[in-house]
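Listed here are the chains, written in short residue letters.
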Amino acid sequence: MVLVLGRPGSGCTTFLKVIANQRFGYTKIDGEVMYGAFDSETFEKRFRGEAVYNDEDDLHHPTLTVGQTLDFALETKVPGKRPAGLSRSDFKDKVIDLLLNMFNIAHTRNTIVGNPFVRGISGGERKRVSIAEMMVTGATVCSWDNSTRGLDAATAVDWSRSIRVLTNIYKLTTFVSLYQASENIYEQFDKVMVIDEGRQVFFGPAHEARAYFESLGFLEKPRQTTPDYLTGCTDPFEREYQNGRSAENAPHSPDTLAEAFKNSKYHAQMKESMDTYKEQLGKEKEVHDDFQLAVKESKRHTSHRNVYTIPFYLQTWALMKRQFLLKWQDKFSLTVSWFTSIVIAIITGTVWLNQPTTSAGAFTRGGVLFIAL
């Protein structure tokens, strides 16, 4: 588990998207991202669903209930091989019950999700639905962008512990970007990355990060939480230096902070661990074979080369069912659209009744066609 820290606009979201292999929208991406033995292009073609990104904003269909939202997510991800020979519907029910109870939102199962215009569940509950959807994917690389926004302090700590358990059990790689994380949340992470205006100014063990920045000459602030302290060291308006240290003899910009990190032991350790890992890759062929087999067994009625879990016709069926529910449960919009169509039809049909069949009626017919379209 890696905590990604930085001021807003420093590049945390960009990093999380690229590391989750979501490269659309960028003009150019330098460097090389490897997912085990697979490069980013191979991963995109064959294992796209194994790297996922959770946006900061909760984007859901407002007129679907919480249960229907999770049901659709599961419909497209139910594996071909299921435990204890469960049927597809039983498997979905058990997983939805588990997720709703885990986040203490079982009472919202039949409540619509809603949005700023449609009244539904609360903002905190909507955030938990987003987290549950993320867990349904069963991905191996997960990027969470400020996922505790809208949650109270106790729920945020519970969320971080859930992610810790999930990461340990399924041996995932988890990247999390948080603003104003508490010390209890910080303790759940193995490593921390600090970004300042697109530069990596620290990457190393979470329990050693604070001491590293203090060693650079920044003032110790024992009453400030570690995440706030680390982020504050990158803020020219917030950081303070120790006695005898100043911007003249200590890092004072993104470039000088990045240079200080390159000269530190943590950069050398990072390079060494990367080299060791690359050596191991060649010896761990069976691990990658197991991964490919697991992905293959998760497919349902589709080729193992297909990037999706289910084939095209099942995707279409799932989307048709969801679209029907969306229309049916939004009866106000449905009624208004029908009423509007009928009113326009009556007006058009009565005002332009019995048009002359000569060239005198040609121009008017164009107007009728325009209104009808």
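Starting afresh in each chain, residues are numbered from 1 along the sequence in its written order. Restriction of local features to residues with pLDDT of at least 70 applies here, the model being predicted, together with a cutoff of 80 or more for giving and counting side-chain atom pairs; totals for whole chains, interfaces and linings are based on all residues. Each side-chain value is worked out from all heavy atoms of the structure, with water and hydrogens disregarded.

Draft legend 1. Molecular detail of the overall build of the protein. Helix and strand counts for the protein come out as 15 helices and eight strands. Two things to know: the radius of gyration comes from C-alpha atoms, and the globule rule equals 2.2 Å times the number of residues to the power 0.38. The C-alpha radius of gyration computed for the protein amounts to 27 Å, which surpasses the reference 21 Å derived for 373 residues by more than 25%, pointing to a less compact arrangement than a globule. Seen along its three principal axes, the alpha-carbon backbone of the protein occupies a region of about 95 × 55 × 45 Å. A burial count over the protein gives 41% of its 373 residues as buried. The contact definition used throughout considers only heavy atoms, calling two residues in contact when any of these lie within 4.5 Å. Within the protein, contacts between residues separated by at least 24 positions form 62% of all contacts whose residues are at least 6 apart in sequence. In the protein, 44 positive and 44 negative side-chain charges are present, and the distance between their average locations comes to 8 Å. Secondary structure follows DSSP: runs of H or I at least 4 residues long count as helices, runs of E at least 2 residues long count as strands, and numbering of each begins at the N terminus. With a 1.4 Å probe rolled over the protein chains alone, any residue whose accessible area is under 20% of its type maximum counts as buried; one over 50% counts as exposed, and the rest are partly exposed. Note that His is not counted, nor are the chain ends; the positive residues are Lys and Arg, and the negative ones are Asp and Glu. In plain terms, the charge of a residue is placed at NZ if it is Lys, CZ if Arg, CG if Asp and CD if Glu.

Draft legend 2. Representation of a nonpolar patch on the surface. Each patch is built from residues lacking any salt bridge and having more than 30% relative accessible area; the joining distance is 9 Å for like charges and 5 Å for nonpolar side chains (Val, Leu, Ile, Met, Phe, Trp, Tyr). Under the convention used here, a 1.4 Å probe and the Shrake-Rupley method define accessible areas, while residue burial counts only the protein chains that appear. Whenever Lys or Arg places a side-chain nitrogen within 4 Å of a carboxyl oxygen from Asp or Glu, that contact is recorded as a salt bridge. On the surface, Phe 339, Val 343, Ile 347 and Val 351 cluster together to form a nonpolar patch covering roughly 370 Å² of accessible area. Looking at the element boundaries, Val 343 is found in helix α14 (residues 331–351).

Draft legend 3. Summary view of the packing of aromatic side chains. Centres within 6.5 Å are what make two rings of Phe, Tyr or Trp a pair, Trp counting through its six-membered ring; a difference in plane orientation under 30 degrees is then read as stacked, over 60 as edge-to-face, and the rest as tilted. Taken as a whole, this structure holds 16 aromatic pairs when the rule is applied. Ring geometry for Phe 47 against Phe 291: centres 5.1 Å apart, planes inclined by 55 degrees, an arrangement best described as tilted. Of this pair, Phe 47 sits in the loop between α2 (40–46) and β4 (51–54) while Phe 291 sits in helix α12 (residues 285–298), placing them 244 residues apart in sequence. Across the pair, Phe 291 and Phe 47 agree in class, each one buried. Measuring from ring centre to ring centre gives 5.6 Å for Tyr 212 and Tyr 266, while their planes differ by 85 degrees; the resulting arrangement is edge-to-face. Separated by 54 residues along the polypeptide, Tyr 212 in helix α8 (residues 209–215) and Tyr 266 in helix α11 (residues 265–283) bring together distant segments of the chain. Across the pair, exposure class does not vary: Tyr 212 and Tyr 266 are buried alike. Through successive ring pairs, a cluster of aromatic residues spans Phe 202, Tyr 212, Phe 213, Phe 218, Tyr 241, Phe 261 and Tyr 266. Above the face of the Tyr 229 ring, Arg 210 is positioned so that its terminal group lies 4.7 Å from the ring centre. Sitting over a ring, as applied to charges here, requires NZ of Lys or CZ of Arg to be within 6 Å of the ring centre and within 35 degrees of the ring normal. Cation over ring: Arg 322 sits above Phe 72, and NZ or CZ is 4.1 Å from the ring centre.

Draft legend 4. Representation of the sheet that holds β4 within the structure. Strand pairing is assigned whenever DSSP detects at least two bridges linking the two strands. An order of β4-β5-β6-β1-β7-β8 is seen for the six strands of this open sheet, with the pairing classed as mixed. Each of the sheet's edge strands pairs with one partner strand only, and the pair in question is β4 and β8 (199–205). Strand-to-strand, the axes of this sheet are offset by a mean angle of 15 degrees, without reference to chain direction. As judged from the three bridges shared by strand β1 (residues 2–5) and strand β6 (residues 173–177), these two strands associate in the parallel manner. Paired with Val 4 across the two strands is Ser 177, which belongs to β6. Running at roughly 35 degrees to β8, helix α10 (residues 254–262) makes contact with β7 (191–196) and β8 of the sheet. Fitting a line to C-alpha atoms yields each axis, with helices limited to the stretch in contact; the angle taken between N-to-C directions then spans 0 to 180 degrees.

Draft legend 5. Here's a closer look at empty space enclosed by the protein. Using a 1 Å grid laid over the protein atoms alone, points where a 1.4 Å probe fits but cannot get out form a cavity; open sets with protein on both sides within 12 Å along at least 5 of 7 lines form a pocket; any residue with an atom within 4 Å of a point counts as lining. Grid points are joined across faces, edges and corners, and a volume is the space filled by probe spheres set on the points. Within this structure, the stated rule accounts for one cavity of 30 Å³ or more. Here the largest cavity defines a volume of roughly 60 Å³. If you trace the largest cavity, you find it lined by Phe 218, Leu 219, Lys 221, Gln 224, Tyr 229, Gly 232, Cys 233, Glu 238, Arg 239 and Glu 240. In the scheme used here, Gly and all other residues not listed as nonpolar or charged are polar, with Ala, Val, Leu, Ile, Met, Phe, Trp, Tyr, Cys and Pro taken as nonpolar and Asp, Glu, Lys and Arg as charged. A class-by-class count of the residues in the lining of the largest cavity yields four nonpolar, two polar and four charged.

Draft legend 6. Region of interest: the packing of helix α3 (residues 66–75) against helix α5 (residues 123–137). Interhelical geometry of α3 versus α5 gives an angle of 20 degrees and a closest axis separation of 9 Å. Considered as vectors, α3 and α5 are oriented roughly parallel to each other. Seen from above, α3 lies across α5 with right-handed handedness. Listed contacts from α5 to Val 66, Thr 69, Leu 70, Ala 73 and Leu 74 of α3 are Val 129, Ala 132, Glu 133 and Val 136. Of the residues that constitute the contact of α3 with α5, the class distribution is seven nonpolar, one polar and one charged. These descriptions rest on fixed angle ranges, namely under 35 degrees for roughly parallel, over 145 for roughly antiparallel, 65 to 115 for roughly perpendicular, and the rest for oblique. Left-handed describes a crossing whose near helix is turned anticlockwise from the far helix by less than a right angle; the clockwise case is right-handed.

Draft legend 7. Broad picture of the pattern of salt bridges. Across all of its chains, the model carries 14 salt bridges by this definition. A salt bridge links Asp 93 to Arg 109, with the shortest nitrogen-to-oxygen separation between them at 3.5 Å. Separated by 16 residues along the polypeptide, Asp 93 in helix α4 (residues 88–102) and Arg 109 in the loop between α4 and α5 bring together distant segments of the chain. On the accessibility criterion, Asp 93 (36% relative accessible area) is partly exposed. The partner of Glu 240 in a salt bridge is Lys 221, with the nearest N and O atoms 3.5 Å apart.

Draft legend 8. Spotlight on unusual backbone geometry. The phi angle at Asn 21 is positive, at roughly 65 degrees, despite the residue not being glycine. One can find Asn 21 in the loop between α1 (12–19) and β2 (34–35). Classification of Asn 21 by relative accessible area gives buried; the value is 8%. Non-glycine residue Asn 146 carries a positive phi angle of around 50 degrees. Looking at where Asn 146 falls in the secondary structure, it is placed in the loop between β5 (141–145) and α6 (153–170).

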